[in-house]
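A look at the structure
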Amino acid sequence: VKKPGGFLNEFNGFDLVKLGVPLEARPLANKEYKGKKGYTVTSPTGAAIEVLVVAEAYVVKRCGTVAGGEGPEFSTLKSGQVTWSKFDGPAKAWEVAKKRAYFV
């Protein structure tokens, strides 16, 4: 049975809206997630960012590329983890994580 599309507002009892998690950082409604404390979102460029709800952080798992294979090297990143508290909340931290991961 296929679930309807869209983004979830809740993940394993965590209210993502209340926490301030941006829409594009929320899990897809039509996808199964194995994690209990977090999930991974991906972009068409191949970038993957893990959303750690309990730890209130994003972790760059894989950097994306653009047409022609260009993109940042993972080894050049300052850090794979972007904590919400360091960047004044989940919305601003998401923008930092997206930039680091080449998430477009």
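Residues numbered from 1 in each chain as written. Predicted model: local features only at pLDDT ≥ 70, side-chain atom pairs only at ≥ 80, totals over all residues. Heavy atoms only, no water.

The name an unreviewed UniProt entry assigns to the protein chain is 30S ribosomal protein S6, from the organism Durusdinium trenchii.

**Things to note about the nonpolar core**
Of all hydrophobic cores here, the largest spans 20 residues; its most connected members are Tyr39, Ile49 and Tyr58. Look past the residues within four positions of Tyr39 in its chain and what remains in contact with it is Phe11, Leu16, Val21, Ala25, Arg26, Pro27, Tyr33, Ile49, Glu50, Val51 and Val53. (Core = buried A, V, L, I, M, F, W, Y, C linked by side-chain atoms within 4.5 Å. Buried < 20%, exposed > 50% of the residue type's maximum accessible area, 1.4 Å probe, protein only. Contact = heavy atoms within 4.5 Å.)

**A few points about the pairing of strand 5 (residues 57–62)**
Two elements, strand 4 (residues 48–52) and strand 5, share five bridges in a ladder whose sense is antiparallel. Within strand 5, the residue paired with Leu52 across the bridge is Ala57. What sits between strand 4 and strand 5 in their antiparallel hairpin is a turn of four residues, with Glu56 showing a positive phi close to 55°. Where strand 5 meets strand 6 (residues 81–83), three bridges bridge the pair, whose relative direction is antiparallel. Residue pairing in the sheet places Val59 in a bridge with Gln81 of strand 6. (Pairing = 2+ DSSP bridges. Helix = DSSP H or I, 4+ residues; strand = E, 2+ residues; numbered from the N terminus.)

**Remarks on the packing of aromatic side chains**
Across all of its chains, the model carries six aromatic pairs by this definition. Ring centres 5.5 Å apart and planes at 45° place the aromatic pair Tyr58 and Trp84 in the tilted group. Note that Tyr58 is positioned in strand 5 and Trp84 in the loop between strand 6 and helix 2 (90–101), a separation of 26 residues in sequence. The burial state of Tyr58 is the same as that of Trp84; both residues are buried. (Phe/Tyr/Trp six-rings, centres within 6.5 Å; stacked < 30°, edge-to-face > 60°.)

**Quick notes on the environment of Gly64**
Relative to the elements of secondary structure, Gly64 occurs in the loop between strand 5 and strand 6. Accessibility expressed as a relative area gives 0% for Gly64, which makes it buried. On a C-alpha basis, the gap between Gly64 and Thr42 in space is 9.1 Å, while along the polypeptide they are 22 residues apart.

**Overview of a nonpolar patch on the surface**
A cluster of nonpolar side chains, contributed by Phe7, Leu23 and Leu28, occupies part of the molecular surface with about 250 Å² of accessible area. Relative to the elements of secondary structure, Leu23 occurs in the loop between helix 1 (16–19) and strand 3 (38–42). (Patch = residues over 30% accessible without salt bridge, like charges linked within 9 Å, V, L, I, M, F, W, Y side chains within 5 Å. Areas by Shrake-Rupley, 256 points an atom, 1.4 Å probe, with all protein chains shown as cover. Salt bridge = Lys/Arg side-chain N within 4 Å of Asp/Glu carboxyl O.)

**Considerations on the pairing of strand 4**
Most of strand 4 sits inside the fold, with four of its five residues counted as buried. As paired strands, strand 3 and strand 4 are joined by five bridges and run antiparallel to one another. Note on strand 4: the bridge partner recorded for Tyr39 is Val51. Linking strand 3 back to strand 4 in an antiparallel pair, the connection comprises five residues, with Gly46 at a positive phi of about 100°.

**Some details on the side chain of Arg26**
Among the secondary structure elements, Arg26 is positioned in the loop between helix 1 and strand 3. With no salt bridge to any partner, buried Arg26 finds its closest opposite charge in Asp15, at an N-O distance of 7.3 Å. At 2.9 Å, the side chain of Arg26 and the side chain of Asn9 are in polar contact. When sequence neighbours within four positions are dropped, the list of residues in contact with Arg26 reads Phe7, Leu8, Asn9, Leu16, Val17, Val21, Tyr39 and Val41. (Lys, Arg positive; Asp, Glu negative; His and termini not counted. Polar contact = N/O pair within 3.5 Å; in protein donor to acceptor, adjacent residues only side chain to side chain.)

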